[in-house]
Amino acid sequence: MSKKLLLKDAHIEGIRYLETYRKQGGYTAAEKALKMTPDEILEEVKASGLRGRGGAGFPTGMKWSFLAKPEGVPRHLVVNADESEPGTFKDRYLMEFLPHLLIEGMLISSYCLGSNVSYIYIRGEYSWIPDILEEAIEEAKAAGYLGKNILGTGFDCEIYVQRGGGAYICGEETALLESLEGKRGNPRLKPPFPAVKGLWERPTVVNNVESIAAIVPIIDITGAEYAKIGVGKSTGTKLISACGNINKPGVYEIDMTITVEEFIYSDEYCGGIPNGKKLKACIPGGSSVPIVPANLLLKTVNGEPRYMNYESLADGGFATGTMMGSGGFIVLDEDQCIVEHTMTLARFYHHESCGQCTPCREGTGWMHKILKKIEKGEGKMEDIDLLWDIQRKIEGNTICPLGDAAAWPVAAAIRHFRDEFEWHVKNPELCQTQNYGLAHY
Ligand code: L3W
Ligand code: SF4
């Protein structure tokens, strides 16, 4: 059984409220942290090996150490709660059930980074959660954990919640900052990174909800102890939101030492695939990461079992591997049509493209149109090569990662399931009359 650090108290009734949260030891990590120096906290975060839980897996301690500290310029912590990646819903769970864990993590992080005004930018569709967060912020303030002179330390900190307007692109950190400044959420060119020029051109750390929540157990048990959980550079625990063709969809906390097979089939996690169907493929890190067929999902290129961690999932590079991403784990059984699935994703990325760069704005639209044609049985063999060509021209040629995120699912689908695309071209009449995914496999 995986060790639980974030969700250990999630089942306790009333844990959303300060009184219950404190009864379970809540805010003792913050009290401990406020007696440490900011540099001591930073050393603990570095020692923990924590990697950003939003998708990129960038080392959190390193990101914090990049924060510029010019004299007299305010700095900010911004929590990215714009959780919009298809298949990803772990941050929603944390904020809905454990709002004080996030606020405690923000208090410690804000103190370490020197942010007196910190923000939570939350996706507009999570319409009921800002009220939960704001209630928790008020409780924390009344208890002296936020506001002026927190616990008599002289440190001041306010937290504000800002709702997004429903654009996926505002989860990209610089688009988020633009939106937070009241502008259209267009991504900025990087560098400069937010750590140098972020919110209102001030040094800013943008971190995912889960990353900031993880600061609480890191301070609680120490960075060194946190680093002992997991394996290699995949330290600590990771929240996985599991969905698709599984018996037990939900949010699970894993310690990154379990295999993919165990995660899908064990009763502790997904509980297997309904109706005894066979596993066809899986997208383990949210819709932006490459899809992997079952044979490569259960074993790596070395014939080893594949583990639920950053390194093992990526084993073999994009040819055979994928990414941990945001931990949005989507399972597809043998009845699912890969062409239809890829077309649905292409439609999503085209709709969500901000339109600033030509390869993304035009390319996502072309990919969607071609996939729609193939899916309906109206495509030609050359369309598959054209699709391949378009995705290659998008990848690496755009301002922000949305371009890559649109290209990778198409590339991986063609690489691993080309015969399924060809089947659609060769069987136009069957495409319109039956479940071609099932007919083909
Ligand atoms: C200072 C440097 N800071 C890097 C910082 C950078 C950022 C972080 C990671 O995209 C991915 C995307 C999605 N000085 C720095 C530096 N940084 N070098 O490190 O940066 P980066 O560019 O590798 O990634 P990103 O722009 O944060 C995130 C993928 O995650 N994804 C998840 C998407 C969806 C969600 C969601 O719904 N919650 O996260 C899934 O795979 O496609 O590739 O902070 O500033 N020299
Ligand atoms: Fe906008 Fe797409 Fe360019 Fe990102 S890659 S800046 S979403 S057009």
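Computed from a predicted model, the values in this text were never measured in an experiment.

Student: Quick rundown of the site of ligand 2? Include the residues and the values.
Tutor: Around ligand 2, a shell composed of 13 residues is seen, among which Cys-354, Gln-356, Cys-357, Cys-360 and Cys-400 lie nearest. Judged by its atoms lying within 2 Å of the grid points, ligand 2 is housed in the largest cavity. Here the shell around ligand 2 is composed, by residue class, of eight nonpolar, five polar and no charged.

Student: Explain the pattern of salt bridges to me, using residue names and the numbers behind them.
Tutor: Following the criterion strictly, the structure yields 26 salt bridges and no others. Of the charged contacts, one joins Lys-183 and Glu-178 as a salt bridge, the two residues approaching to 3.6 Å between their closest N and O atoms. Because the salt bridges share partners, they merge into one network encompassing Arg-53, Lys-90, Asp-91, Glu-210 and Lys-238.

Student: Hey, could you go over the layout of surface pockets for me, with residue numbers and the actual values?
Tutor: Each pocket or cavity is described by its volume, and for the largest pocket that value is around 1300 Å³. Forming the walls of the largest pocket are 48 residues, and the residues nearest its centre are Gly-54, Gly-55, Ala-56, Gly-171 and Pro-401. Secondary-structure elements contributing two or more residues to the lining of the largest pocket are α5 (90–97), β4 (204–208) and α18 (402–426). Here the element with the most residues in the lining of the largest pocket is β4; it accounts for five residues. Broken down by class, the residue content of the lining of the largest pocket amounts to 20 nonpolar, 16 polar and twelve charged.

Student: Explain the site of ligand 1 residue by residue, including any values.
Tutor: Neighbouring ligand 1 are 18 residues; Gly-54, Lys-63, Ser-84, Glu-85 and Glu-173 lie closest to it. Within the contact set of ligand 1, an oxygen atom lies 3.0 Å away from a backbone nitrogen or oxygen of Ser-84. Lys-190 has a polar side-chain atom sitting 3.3 Å from an oxygen atom of ligand 1. Surface burial for ligand 1 is 75%, taken as the share of its 900 Å² of free accessible area covered by protein chains. With respect to the detected pockets, ligand 1 is housed in the largest pocket.

Student: Talk me through the pairing of strand β11 (residues 328–333); I want residue IDs and the actual numbers.
Tutor: Most of β11 sits out of view: six of its six residues are buried. Residue alternation in β11 divides its side chains into two sets, Gly-328, Ile-330 and Leu-332 and Phe-329, Val-331 and Asp-333, and both sets are buried. Across four bridges, strand β9 (residues 279–283) lies against β11 in antiparallel orientation. Along β11, the bridge assignment pairs Ala-281 with Leu-332.

Student: Lay out the packing of helix α6 (residues 99–113) against helix α9 (residues 209–221) in plain terms, naming residues and giving numbers.
Tutor: α9 packs onto α6 with a crossing angle of 75° between their chain directions and a minimal axis gap of 8 Å. As judged from the angle between their axes, α6 and α9 are roughly perpendicular. Counting all contacts with α6, which are made through Leu-101, Leu-102, Glu-104, Gly-105, Met-106, Ile-108 and Ser-109, the residues of α9 involved are Val-209, Ile-212, Ala-213, Ile-215, Val-216 and Ile-219.

Student: Give me empty space enclosed by the protein: which residues, what numbers.
Tutor: To locate leftover empty space, one rolls a probe as large as a water molecule over the atoms. If you walk through the whole model with that rule in mind, you get two cavities of 30 Å³ or more. Lining the largest cavity are 13 residues; nearest its centre among them are Cys-354, Cys-357, Cys-360, Cys-400 and Leu-402. Grouping the constituent residues of the lining of the largest cavity by class yields eight nonpolar, five polar and no charged. Taken as a whole, the second largest cavity spans an internal volume of roughly 40 Å³. For the second largest cavity, the full set of lining residues is Pro-38, Asp-39, Leu-42, Trp-64, Lys-69, Cys-112 and Leu-113. Elements represented by at least two residues in the lining of the second largest cavity include exactly α3 (38–48) and α6. When residues in the lining of the second largest cavity are grouped by element, the largest group, three residues, is from α3. Here the lining of the second largest cavity is composed, by residue class, of five nonpolar, no polar and two charged.

Student: Provide a residue-level description of the sheet that holds strand β7 (residues 238–244), including the pertinent values.
Tutor: Pairing within the open sheet is mixed, and its five strands lie in the order β8-β7-β11-β9-β10. Single-partner strands in this sheet number two, and they are β8 (250–254) and β10 (292–293). Pairing geometry for β7 and β11, over four bridges, is parallel. Across the sheet, Ser-241 pairs through a bridge with Gly-328, a residue of β11.

Student: Describe the environment of Glu-304, naming the residues involved and giving the relevant values.
Tutor: Relative to the assigned elements, Glu-304 resides in the loop between α12 (294–298) and α13 (310–313). Those residues in contact with Glu-304 that lie beyond four places of it in its chain are Leu-298 and Lys-299.

Student: Give me the lowdown on the packing of aromatic side chains, citing residues and values where you can.
Tutor: All chains considered together, the criterion is met by 16 aromatic pairs. Arranged with centres 5.2 Å apart and planes meeting at 75°, the rings of Phe-348 and Tyr-349 form a pair that is edge-to-face. Among the aromatic side chains, those forming a connected cluster through ring pairs are Tyr-252, Phe-263, Tyr-269 and Phe-329. The residue whose ring lies beneath Arg-123 is Tyr-126, and the NZ or CZ to ring-centre distance is 5.2 Å.

Student: Tell me about the pairing of β7, and please be specific about residues and values.
Tutor: Among the seven residues of β7, six are classified as buried, and the element is accordingly described as predominantly covered. Strand direction decides the pairing type here: β7 and β8, joined by five bridges, are antiparallel. Counted as the bridge partner of Ala-242 is Gly-250 from β8. Linking β7 to β8, which pair antiparallel, is a turn of five residues.

Student: How would you explain the sheet that holds strand β3 (residues 158–163) if you had to name every residue and give the values?
Tutor: Strands belonging to one sheet form pairs held by backbone hydrogen bonds; the direction of such a pair is parallel or antiparallel. Across the sheet, which stays open at both edges, the four strands sit in the order β3-β2-β1-β4 with parallel pairing between neighbours. At either end of the open sheet lies a strand with only one pairing partner, and these are β3 and β4. Each adjacent strand pair in this sheet contributes to an overall mean axis angle of 20°, direction not counted. Where strand β2 (residues 117–122) lies against β3, six bridges are found, and the strand directions are parallel. By the bridge assignment, Ser-118 is partnered in β3 with Ile-159.

About the cut-offs
- Residues numbered from 1 in each chain as written.
- Chains lettered and ligands numbered in written order.
- Predicted model: local features only at pLDDT ≥ 70, side-chain atom pairs only at ≥ 80, totals over all residues.
- Heavy atoms only, no water.
- Near = heavy atom within 4 Å.
- 1 Å grid on protein atoms, 1.4 Å probe; cavity = no way out; pocket = protein on both sides within 12 Å on 5 of 7 lines; lining within 4 Å.
- Sits in = over half its atoms within 2 Å of the grid points.
- Nonpolar A, V, L, I, M, F, W, Y, C, P; charged D, E, K, R; others polar.
- Salt bridge = Lys/Arg side-chain N within 4 Å of Asp/Glu carboxyl O.
- Points joined across faces, edges and corners; volume = space filled by probe spheres on them.
- Helix = DSSP H or I, 4+ residues; strand = E, 2+ residues; numbered from the N terminus.
- Polar contact = N/O pair within 3.5 Å; in protein donor to acceptor, adjacent residues only side chain to side chain.
- Areas by Shrake-Rupley, 256 points an atom, 1.4 Å probe, with all protein chains shown as cover.
- Buried < 20%, exposed > 50% of the residue type's maximum accessible area, 1.4 Å probe, protein only.
- Pairing = 2+ DSSP bridges.
- Axes fitted to C-alpha atoms, helices over the stretch in contact; angles between N-to-C directions.
- Parallel < 35°, antiparallel > 145°, perpendicular 65-115°, else oblique.
- Contact = heavy atoms within 4.5 Å.
- Phe/Tyr/Trp six-rings, centres within 6.5 Å; stacked < 30°, edge-to-face > 60°.
- Lys NZ or Arg CZ within 6 Å of the ring centre and 35° of its normal.

In short, the description is geometric, and any link to function would need to be established separately.
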